[in-house]
Every structure is written in C-alpha cells, then in structure tokens.
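# Geometric and topological summary
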Amino acid sequence: IFRASPALALLTAVLFALIAGFVFSRVKGAKLALSALVLLAVAVVGNYLAFALGNTWLNIVPTVLVLLGFFVATLITNYLGEEREKKRIRGAFSRYVAPALVDQIMLNPGMLKLGGEKRICTVFFSDIAGFTTLSEGLTPERLVEFLNMYLTEVTDIVLAHGGMLDKYEGDAVMAVFGAPVWTEDHAARACRAAIAVQQRLTDLRVEWRAKSLPEFITRIGLN
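Quick caveat, the model's predicted, so the values are computed rather than measured.

The next thing to look at is the nonpolar core. Of all hydrophobic cores here, the largest spans 27 residues; its most connected members are Phe-124, Leu-134, Phe-146, Tyr-150, Val-154, Trp-208 and Phe-216. Once residues lying within four places of it in the same chain are set aside, the contact partners of Phe-146 are Leu-134, Leu-138, Trp-208, Leu-213, Pro-214 and Phe-216. The next biggest cluster of nonpolar side chains, apart from the first, holds nine residues, and it includes Phe-24, Ala-36, Ala-43 and Leu-67.

Quick look at the structure:
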C-alpha cells in the first residue's frame, strides 16, 4: 500500500473546493444538499477506487472538510441573502399592501416580475365632495388631523379587502385590486371595499357631528 503525498491530498481538496464553489453558487434548497452529497460521494468513491485498484491511500479528510465548509458557508450566505430580500420586500410593500399579501409575496418573490406585466385589475379611486370649501373652514392643524383620520380609515379598509394602495392626492385615495398578488375576485373585493368605506363614514359622521367637525360625502369610483 502506497501513501499519496500530502501535496496530492491538498491538490484534491483545492480541486473539490473550486468545483464546490462553482456548483453551490448556482443552486439552492434541496439541490444544494443534493449537490453536496454527490460531490462527497465522488470523493469517497474516487478514494476507494485509488485504494482498491492502485493500492494507494489518499488522505480524504481535507477534501471532506472543504466540502463541509463550503456547504455550511453557502447555507449561511443564502440564509442571510434571503433575509435581506425579505426585509427589502417587506419595507417596500408594508405601507401599501396588507400584511397577509406581503407574506405571500415573500413566500414567492418570483411573482414580482421585473418590468411588470399587463393584467386586468380593478382600480379604486375616491375623493371628498367639496373638499376645497371644507378645508377653508378648518385651521391647518385641524385639517391635517382630520385628513390623517379620514385617510387612515379608508386605507385600512382597502388593505383589509386585499387592495394595494397606489397613492394619495390631497384628499383622494387611489388603490388597485388584483396586484401585486393576483385574485380572481378583484372586482368583487373592490366593490365590497367601497361599500365598507361608505358604511364606516356613515358611522363617523355621527362622531364628527358630536365634535363639531364638518360632515361630507365621499365619492368613490371603480374601473
């Protein structure tokens, strides 16, 4: 039995390190574990054949340690990368989309296509009738407080029905149903949201009347 030189063992470990670095950087999840097992099997089988057929013993420990090290390092790198991506997605969408929809996006980030896509959706848009006249009767501080309360109520209802907030324009609210998470019943969700907003505002008018705040009518359109 011949013992292979330490240089050959080192060269083998380096070779497997290069292969592992190339393969592990291109696969994730179960494929990563499978790739590691295949490389480990190749190293063990190659070592056995060298011993059985050539009476040569090659120290395989450095190769195994290298494979294990690259595998663990890749797992950690992938995990940290996924956490950063989830944080980025949550930060980008949490203000515009209901938490349940954000969770769906994080489970399947692939649904967010670079460049967008054409899709039939339902758009929700609302504004306050006579807002200019209404705002002239309030102090700036009271107007900001009033708008914050109003916009929060409308937005919460839109998000609760699965809509995505698109923007505010003064007193106007614009939202989209059916994006970024597709739902077949996007039109029905938008209708239910519109009805819920009007029902909520009917209740709020009673509170506003008691606080001597102006009452108003909100107009809602769907397309």
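Back to the text.
As a further point, take helix H1 (residues 6–24). Under the 1.5 Å per step criterion, the end-to-end length of H1 is 26 Å for 19 residues, consistent within 8% with the ideal 27 Å. When H1 is considered as a whole, its buried residues turn out to be Ala-9, Thr-12, Ala-13, Phe-16, Ala-17, Ala-20 and Phe-24. The buried residues of H1 occupy one face: seen down the axis, they fall within an arc of 140°. Away from its buried face, by an angle of more than 90 degrees, H1 presents the exposed residues Ala-7, Leu-11, Leu-18 and Phe-22.

Right, let's get into the pattern of salt bridges. Under the counting rule described, the total for this entry stands at five salt bridges. Its salt-bridge partner being Asp-127, residue Arg-219 comes within 2.8 Å of it at the nearest N-O pair. Of this pair, Arg-219 sits in strand E6 (residues 218–222) while Asp-127 sits in strand E3 (residues 122–128), and the two are 92 residues apart along the sequence. For Arg-219, a relative accessible area of 47% corresponds to the partly exposed category. The salt bridge partner of Asp-185 is Arg-192, with a shortest N-O separation of 3.5 Å. We classify Asp-185 as partly exposed; its relative accessible area is 31%.

A few words now on the environment of Leu-10. Relative to the elements of secondary structure, Leu-10 occurs in helix H1. Looking at Leu-10, the relative accessible area reads 56%, which means it is exposed. Separated by 52 residues in sequence, Leu-10 and Pro-62 place their C-alpha atoms 7.1 Å apart.

Taken in spatial order, the four strands line up as E4-E5-E3-E6 in an open sheet, and their pairing is antiparallel. Looking at which strands have only one partner, the edges of the open sheet turn out to be strand E4 (163–169) and E6. Averaged over all pairs of adjacent strands, the angle between their axes in this sheet comes to 20°, without regard to strand direction. Bridge count for E3 against strand E5 (residues 172–177) is five bridges, and the pairing is antiparallel. Bridged to Val-123 within E5 is Val-176. In this fold helix H6 (residues 140–160) packs onto E3, E4, E5 and E6, with an angle of close to 155° to the strand it touches most, E4. Relative to the sheet, helix H7 (residues 186–210) contacts E3, E5 and E6, its axis offset from that of E6 by approximately 175°.

Reading the values: rules and limits
- Residues numbered from 1 in each chain as written.
- Predicted model: local features only at pLDDT ≥ 70, side-chain atom pairs only at ≥ 80, totals over all residues.
- Heavy atoms only, no water.
- Core = buried A, V, L, I, M, F, W, Y, C linked by side-chain atoms within 4.5 Å.
- Buried < 20%, exposed > 50% of the residue type's maximum accessible area, 1.4 Å probe, protein only.
- Contact = heavy atoms within 4.5 Å.
- Helix = DSSP H or I, 4+ residues; strand = E, 2+ residues; numbered from the N terminus.
- Expected span 1.5 Å × (residues − 1).
- Arc of directions from axis to C-beta.
- Salt bridge = Lys/Arg side-chain N within 4 Å of Asp/Glu carboxyl O.
- Pairing = 2+ DSSP bridges.
- Axes fitted to C-alpha atoms, helices over the stretch in contact; angles between N-to-C directions.

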